[in-house]
Amino acid sequence: MCGFVGFTNKIDNSNAVLGDMMDAIKHRGPDSEGKYIDEQIAMGFRRLSIIDITASGDQPIFNEDKTKVLLFNGEIYNYMDIRKDLLEKGHVFKTKTDSEVLLHGYEEYGEGLLNKLRGMFAFVIWDTVKKELFGARDFFGIKPMYYAEMNGTFMFGSEIKAFLRHPAFKKELNESALETYLTFQYNPSDETFFKNVYKLPAAHCFKYKDGKLTVKRYWDIHFSEDGKPDMDGWVNEISDVFNDSVRAHKISDVEVGSFLSSGVDSSYVASVANVDKTFTVGFGEDERYNEIGWAKEFSQYIHKENISHVITPEEYWENIPRIQYHLDEPLADPACIALYFVCREAAKYVKVVLSGEGADEIFGGYNVYKEPLAAPAYKALPRPIRRGIGKIAEQLPAKRGVNFLVRNGKDIEERFIGNAYMFSEKDRKRLLKIKTNAPAAMEITRPFYDKVKDKDTITKMQYLDLHLWMTGDILLKADKMSMANSLELRVPFLDKEVMGVAEKIPVKYRVSTENTKLAMRQAALRAAPPKTANKKKLGFPVPIRVWLKEDKYYNMVKDTFTSEAGKHFFDTDMLIKLMDDHRNGKADNSRKIWTVYTFLVWYKVYFEDNINF
């Protein structure tokens, strides 16, 4: 696991500028560094040594005649198979790394290499003869890739913060991203919070030549139910492919550990992986917020050591600025801070951990996926009648029954934007003092819904979450929080072969009115005890809603809301009302409050104090 950064066009002090940019991402690779600079491009690399930990694995890496140069972040789990094929075709390898497979593979197969890969990756290859830069990001977006074109310079790299150190970079807030973020709690767009900085989408590649950038998709998920296997058949297939994926994800020349909560996903990973150490964090003694007891009991069951840490409110709040710095863009998922702490704890013992991200999206694990199956009698009413009732219900005060009528008066494309829905478009415009050209939420989700318009409602929801929520929230925090602690995080559920099985499972084996991830839970039962395999998700395990009622944290947030930045961007009276209604128990506004607070902390770090952690 590593980080890289680079830029085109010669500048007088390119070596010094590149070094400064590399220093900004030193946390991604503290073990070694490397540079390549010619008249057209400067490329820098920071390395966290995992495979071939000798100096021979350092980057940049060159092909035989040094006409191509590679920078690579990630792991290729089937690299030995590809290497064998390339050796038979006459390629000469100088290292034992998976990195070099990408270089010779691109020489041999061109873009066709991408669909041969199994792993997580972001990489660039500079062709010194064609003067062409090729780059790609993995199938699910596990590894990040950003780019920007400013003042004739094309910049690319693992983290945006490195771009800020280039003299051609112009730092401006993308205010449209802020408005969109207020609805989603993360940034779902390919644009970023920095104007003219973009994310390369998952499963996309690019070429940059003669000042022209072309981006295209090379892979996609295709849900297509296979009705032949029964439940036992699917459980067998999941067991086989997941065991194989975990074996592949354990390939390492250093010790591998595993994160462990009380949920089925991490328990399944830890059981199959057979690692020596598991890692857990929690808050206080309340079991709603503390999974340490569960994790220790489970670790004893699988005869492994569990290392845990209880996060105090003080250290949680103190580290919010540091965490928003490492995220590059504001993310209002309180769990990302808990993830930071479990990564920090694990990094004291290991360099690599396995984690359970992705299982909910690919196997149908979120409770919201049960909603389309609820109240079938009401949903059998003609659509125009339900829509009419829903419009009437929208005029009533929001509460459980009313919300049901409103939701079921709308098609899934109108009501579901993912696992988080903070501020409605009407409310976000009332809240914001600034005017933006931000697209409506449906404009962002429509391209994804269009690709699965012939599928059932649950599959539509999964497909959307796989492309927006998972990449923009789940995987963003997984990469940035682990790398902030110089730790490699691997996600065996997000494997191309596992997805190949999951996308064929019929809905009836994914979700029912009683439970989710039906087939996957049955597979997990073969490795984990029933108590864990059948446990329901905690959902929102960080006690933000409790803390915001305490004077200390209420006042801390209020001070931020009434700061100059708070007054510039937001209607502060509306914000204070949200806080007071929450503290007085009139409504649970904790997530809305947190969404705004997180942005203002991030803004202070990047645009007011210019802090470098």
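Our subject is the structure listed above.
Throughout what follows, the structure given in this document is the object of discussion. (Residues numbered from 1 in each chain as written. Predicted model: local features only at pLDDT ≥ 70, side-chain atom pairs only at ≥ 80, totals over all residues. Heavy atoms only, no water.)

**A few points about the packing of helix α9 (residues 320–327) against helix α10 (residues 335–346)**
Contact pair α9 / α10: the axes reach a minimum separation of 10 Å and the direction vectors enclose 95 degrees. With respect to their mutual orientation, α9 and α10 come out roughly perpendicular. Within the contact between the two elements, α9 uses Ile 320, Arg 322, Ile 323 and Leu 327 and α10 uses Cys 336, Ile 337 and Tyr 340. Of the residues that constitute the contact of α9 with α10, the class distribution is six nonpolar, no polar and one charged. (Axes fitted to C-alpha atoms, helices over the stretch in contact; angles between N-to-C directions. Helix = DSSP H or I, 4+ residues; strand = E, 2+ residues; numbered from the N terminus. Parallel < 35°, antiparallel > 145°, perpendicular 65-115°, else oblique. Contact = heavy atoms within 4.5 Å. Nonpolar A, V, L, I, M, F, W, Y, C, P; charged D, E, K, R; others polar.)

**Describing the packing of aromatic side chains**
Inspection of the entire model under this criterion finds 52 aromatic pairs. Ring geometry for Phe 193 against Phe 599: centres 6.1 Å apart, planes inclined by 35 degrees, an arrangement best described as tilted. You can see Phe 193 sitting in the loop between α4 (175–184) and β10 (197–199) and its partner Phe 599 sitting in helix α27 (residues 590–608), a full 406 residues away along the chain. As far as burial versus exposure is concerned, Phe 193 and Phe 599 are alike and both buried. (Phe/Tyr/Trp six-rings, centres within 6.5 Å; stacked < 30°, edge-to-face > 60°. Buried < 20%, exposed > 50% of the residue type's maximum accessible area, 1.4 Å probe, protein only.)

**A look at the sheet that holds strand β5 (residues 68–76)**
Pairing is antiparallel across the open sheet formed by six strands, whose spatial order is β4-β5-β6-β7-β11-β12. Among the strands making up the open sheet, the edge pair consists of β4 (61–62) and β12 (212–217). Note: strand β6 (residues 119–127) against strand β7 (residues 132–137), six bridges, orientation antiparallel. Following the sheet pairing, Ala 122 is matched in β7 by Arg 137. (Pairing = 2+ DSSP bridges.)

**Digging into the side chain of Asp 220**
One can find Asp 220 in the loop between β12 and α5 (231–249). Judged by its relative accessible area of 13%, Asp 220 falls in the buried class. Separated by 2.9 Å, the side chains of Asp 220 and Tyr 463 make a polar contact. Only 3.3 Å separates the side chain of Asp 220 from the side chain of His 467, close enough to count as a polar contact. The contacts of Asp 220, once residues within four sequence positions are left out, are Lys 451, Tyr 463 and His 467. (Polar contact = N/O pair within 3.5 Å; in protein donor to acceptor, adjacent residues only side chain to side chain.)

**Overview of the pattern of salt bridges**
Counted according to the given criterion, the structure contains 44 salt bridges. Measuring nitrogen to oxygen at the nearest pair gives 3.8 Å for the salt bridge that ties Lys 170 to Glu 172. Given a relative accessible area of 53%, Lys 170 falls into the exposed group. A salt bridge links Glu 225 to Arg 510; the shortest N-O distance between them is 3.6 Å. (Salt bridge = Lys/Arg side-chain N within 4 Å of Asp/Glu carboxyl O.)

**Section: α27**
Given a rise of 1.5 Å per residue, 19 residues ought to cover 27 Å, and the 25 Å separating the end C-alpha atoms of α27 matches this to within 8%. Following α27 by one or two positions, Asn 610 has its phi on the positive side, about 50 degrees. (Expected span 1.5 Å × (residues − 1).)

**Comments concerning the nonpolar core**
Grouped together as the largest cluster of nonpolar side chains are 178 residues, with contacts concentrated most on Phe 123, Tyr 316, Phe 570 and Phe 599. Among residues more than four places away in sequence, those in contact with Phe 123 are Phe 4, Leu 70, Leu 71, Phe 72, Leu 102, Leu 114, Leu 117, Phe 134, Gly 135, Ala 136 and Met 145. Of all hydrophobic cores here, the second largest spans 19 residues; its members include Tyr 36, Met 43, Val 69 and Met 145. (Core = buried A, V, L, I, M, F, W, Y, C linked by side-chain atoms within 4.5 Å.)

**What to know about the packing of α9 against α27**
For the pair α9 and α27, interaxial distance at closest approach is 9 Å and the crossing angle is 75 degrees. Considered as vectors, α9 and α27 are oriented roughly perpendicular to each other. Across the interface between the two elements, Ile 320, Pro 321, Gln 324 and Tyr 325 from α9 touch Trp 594, Tyr 597, Thr 598, Val 601, Trp 602, Val 605 and Tyr 606 from α27. In terms of residue class, the contact of α9 with α27 is built from nine nonpolar, two polar and no charged.

**Comments concerning the sheet that holds strand β15 (residues 305–310)**
Taken in spatial order, the five strands line up as β15-β14-β13-β16-β17 in an open sheet, and their pairing is parallel. Strands with a single pairing partner mark the edges of an open sheet, and in this sheet they are β15 and β17 (488–490). The average undirected angle you get between the axes of adjacent strands in this sheet is 30 degrees. As defined by bridge partners, strand β16 (residues 352–354) adjoins β17 across three bridges and the pair is classed as parallel. By the bridge assignment, Val 353 is partnered in β17 with Leu 489. Along the sheet face, helix α6 (residues 264–273) touches β13 (256–259), β14 (277–282) and β16 and points at about 155 degrees away from the line of β13.

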